[in-house]
Structures are given as C-alpha cells and as structure tokens.
Amino acid sequence: MLIKPCCIGDLIMTTPLLEVLRQNYPTARITFVTGTWSKAIAEHHPAVDEIINCGSIGIPGRYTIKEYVKLARQLRQSHFDLAFVLDRSPMLTLLPWLAGITRRVGPDSLGRGFSLTDRVPVSTDPTHLQHQAEIYLDLVRALDLKVDHPRMRFVTTPAEQQSIYPASTTTRQVVVFPGGGSNPGMDLTAKRWPLERYRALTARLVNELGLQVLLIGGESDKALNQQLLDGLEVPAGLVVNLAGKTSFGESAAQIEACALFIGNDSSPMHLAAAVGTPVLAIFGPTSPTEYGPYPLDDPQHIALWRHPTEQPCFFLGKMQACEHCTCMQSVTVDEVWQAALRLLKYPQPQAASPEVRP
C-alpha cells in the first residue's frame, strides 16, 4: 500500500516508485491511498490494482478526526503487509500504525517519521537538494530492492486519445501553460513566469515557426489564458484556449500528441514528462533539482532557472522570505525561445542556453 493524498504533481513523481514496486513484486496487489483531487494519476498507472479514495484527508484543515479514524479502520480491514507513506505529515505516517500494518516505510524529515519502522533520511539542507522522485525511490533502495532507471508514467486511454484537438497535416502543435501554483494545499502563483512574456513567446512560435499553440488548464485558468490571448496578433485559429474543456486524462492525451510542452513548475509540466513529450520548464522560487521534469538527465527536458542565490525560496514545503524576487523575471523570452528551438529541433543562430541548477 502507498499513501499520498495530494497533490497531482507530487503523485506523478511517485510513478517511478510504482514502476519499481511492480518490477520487484510482480504478483503483489498494489493499493494507492489518495485524495479525490489527485486520484486520476493512480487511475492511469498500470501498476495500481486498487485505489482507496481518502477524500480530503491529508490536506490541513480539510478533514475531521472522525473521517481520519474511519480511514484507519478501513485500512485495518484490508490487512496490508507493507505500507509506503509518501508524505512527511505525522498524521499520515500514523495511519498505517493505526491500521496495524507491521512494516511501515517512509521519509523521515525533521523527525516526523517517528511512527515508521523504516525511517529513510531526507535532507533538510538547502545546499543539498534531492529530487522528490528520488526521495520516493530512496525508500525502496533502503529495502535493497532493484532500481533500474525508472521513469514517470501516465497511460492515456483510447477514448482520451480520440478527444484531442485536431491538428492539420502540416502544422505542429505546442502546448503552453502559463498557470500553475494553485492546489488544495497552497497557493503559490509566484511560480508563474510573467504573462506578457508568454504572450511574446506565443507570438513568435506562431508567426516565426508556423506552429499552433494550445493553451491548457482547468476552469480556473480560463481567464488567465484569455488575458494571454488579448492583444495577441496572430492568424486566427493558431492559438486555442482549451482551459476547462478537458478532463485531466484528456489534457494528458493532448499533451502527448504535441511536439513540445512549455510551462511553469506545475502538475501539467510533470504530466508532459510522464507521457513522453519534450518539456521546457521555467522555474523561480522552486528548484528544478527538487521539482524538475524527471529524469533530470533526459535530453528532452530543459529546466531554466536563474535564482540569484542559487537556493530555492520554496523549501521544506514552505515559502521563505525573499529579498530579491527576481528569479522569474531573470528568465528572458530569448532564453526560452532558444531552448524551444533546441527541443523542436530547429536550426539555431546560436547555442541554446544551458540548463541551470545549483
């Protein structure tokens, strides 16, 4: 059993672990305990046999003790042999103990894994950053299981693949996502690259390369995407606002069919990596070393980061005070343009900017 209630991007980063568990335990029944907001990720991974929807449990202030105890009792009735707690909340690490599960494995950050039988150390030093997917994989490494270059994975259905916005036979499609930073646990819109730069980039993609740009997102991203469209001088039909028009799985299929994803540190960014689409990600308060498109050494992944201190403002689940606030503005349109040309395999007048990490 795996426990990770939230949020979507975090769950996508657990999928390399799912792959490893299935390879090492080919006949095991794997159950994923996750929330209503995020369960689509588990539903689209072939290693998952069963999903237990924990509702809002795990999101501070969104659930009651009664609901928590009910979930613990439900887990106890299933008689699990092994539990992986993929969250650092003491309330969640207690769940498998209350459920009577003998072996309980999870990350031990700042002593919050006290109820686990196998406490795997996690760095709390901002000069020694660990990717979230690697933190999850360290749990199976601690059990001496074989880990052989796993990847993130999201498998779209035939129906979802049939739902995509059609492309012409001569026009390639690119996904652009200017939103992100909002989920049930927090609101961190500081992760968004300036909208006027997305507008300038979109105009170049359409006018100079003849690409069709699809703006994706949920219902809450409609207005933001429309702001990008306002004042954009491009031929009709070459920039389409799909926000709020697709399910999560349909968005995944749309990204899968495109030549490139460009966006902020967000769940759609991780989704693009999980369906195998080249990813150009723009980072600011978060570090790509921790949250970049995984695996970080994939040549189809470029993460641009220009933080003045080379240390993230968002660390250990909290936004730290920042005296600079220049990280998102430090990434220029030309840098993103050059990186896009590289991933789209267009000739470049000059070398693409290298990926920057601490």
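Participant: Looking at this model, I keep getting lost on the side chain of Arg22. Mind explaining?
Facilitator: Position of Arg22 among the secondary structure elements: in helix H2 (residues 15-24). Residue Arg22 is classed as buried on the basis of its relative accessible area of 19%. Engagement of the side chain of Arg22 in a polar contact is seen with the backbone oxygen of Tyr25, the distance being 2.9 Å. Only 3.0 Å separates the side chain of Arg22 from the backbone oxygen of Ala47, close enough to count as a polar contact. The contacts of Arg22, once residues within four sequence positions are left out, are Thr27, Ala28, Ile30, Ala47 and Asp49.

Participant: Would you mind going over the sheet that holds strand E13 (residues 279-283) with me for this structure?
Facilitator: Within a sheet, adjacent strands bond to each other through the backbone by hydrogen bonds, running parallel or antiparallel. Here six strands make up an open sheet; going across it, the order is E11-E10-E7-E12-E13-E14 and the pairing parallel. Looking along the sheet, the strands with just one partner apiece sit at the ends: strand E11 (239-241) and strand E14 (301-305). The average angle at which neighbouring strand axes cross in this sheet is 15°, direction not considered. Sheet analysis places strand E10 (residues 212-215) next to E11, joined by three bridges and oriented parallel. Looking at the pairing, Leu214 lines up with Val240 of E11. Packing against the sheet, helix H9 (residues 222-229) makes contact with E10 and E11, and its axis sits at approximately 160° to E11.

Participant: Hey, could you run me through the nonpolar core in this one?
Facilitator: It is characteristic of soluble globular proteins that their nonpolar side chains tend to be buried jointly. By size, the foremost hydrophobic cluster in this structure holds 54 residues, and its most contacted members are Leu2, Leu17, Leu21, Phe84, Val140, Ile255 and Phe261. Of all the elements, helix H11 (residues 267-275) adds the most residues to this core, at six residues. Apart from residues lying up to four places away in sequence, Leu17 is in contact with Leu2, Leu86, Tyr136, Leu137 and Val140. Residues Leu224, Ile302, Trp337 and Leu341 belong to the second largest nonpolar core, which totals 35 residues.

Participant: Looking at this structure, I do not really get the state of the cysteines. What am I missing?
Facilitator: Two cysteines, two sulfur atoms, one covalent bond between them: this is a disulfide. In the structure shown here, the tally under the stated rule is one disulfide. Across a sulfur-sulfur distance of 1.6 Å, Cys6 and Cys7 are joined as a disulfide pair. On the sign convention where negative means left-handed, the S-S torsion of about 55° between Cys6 and Cys7 marks this disulfide as right-handed. Of the residues examined, Cys6 reaches a relative accessible area of 10% and is grouped as buried. A residue is classified by how much of its surface remains accessible, and Cys7, at 7% relative accessible area, is buried. Summary of cysteine pairing: Cys54 is not part of a disulfide, and the nearest cysteine sulfur, belonging to Cys6, is at 9.1 Å.

Participant: It is not clear to me how the packing of helix H4 (residues 65-78) against helix H5 (residues 90-98) should be interpreted in this structure. Could you clarify?
Facilitator: Helix-helix packing: each pair is described by the crossing angle between the helix axes and the interaxial distance. The interhelical angle for the contact between H4 and H5, taken along N-to-C directions, is 40°, at an axis separation of 8 Å. It follows that H4 is oblique to H5 by the angle criterion. Considering the relative orientation of H4 and H5, their crossing is right-handed. Here Ile65, Tyr68, Leu71, Ala72, Leu75 and Arg76 of H4 lie close against H5, whose contacting residues are Met91, Leu94, Leu95, Trp97 and Leu98. Looking at side-chain class alone, the contact of H4 with H5 contains ten nonpolar, no polar and one charged residues.

Conventions adopted
- Residues numbered from 1 in each chain as written.
- Predicted model: local features only at pLDDT ≥ 70, side-chain atom pairs only at ≥ 80, totals over all residues.
- Heavy atoms only, no water.
- Helix = DSSP H or I, 4+ residues; strand = E, 2+ residues; numbered from the N terminus.
- Buried < 20%, exposed > 50% of the residue type's maximum accessible area, 1.4 Å probe, protein only.
- Polar contact = N/O pair within 3.5 Å; in protein donor to acceptor, adjacent residues only side chain to side chain.
- Contact = heavy atoms within 4.5 Å.
- Pairing = 2+ DSSP bridges.
- Axes fitted to C-alpha atoms, helices over the stretch in contact; angles between N-to-C directions.
- Core = buried A, V, L, I, M, F, W, Y, C linked by side-chain atoms within 4.5 Å.
- Disulfide = S-S within 2.5 Å.
- Parallel < 35°, antiparallel > 145°, perpendicular 65-115°, else oblique.
- Left-handed = near helix turned anticlockwise from the far one by under 90°.
- Nonpolar A, V, L, I, M, F, W, Y, C, P; charged D, E, K, R; others polar.

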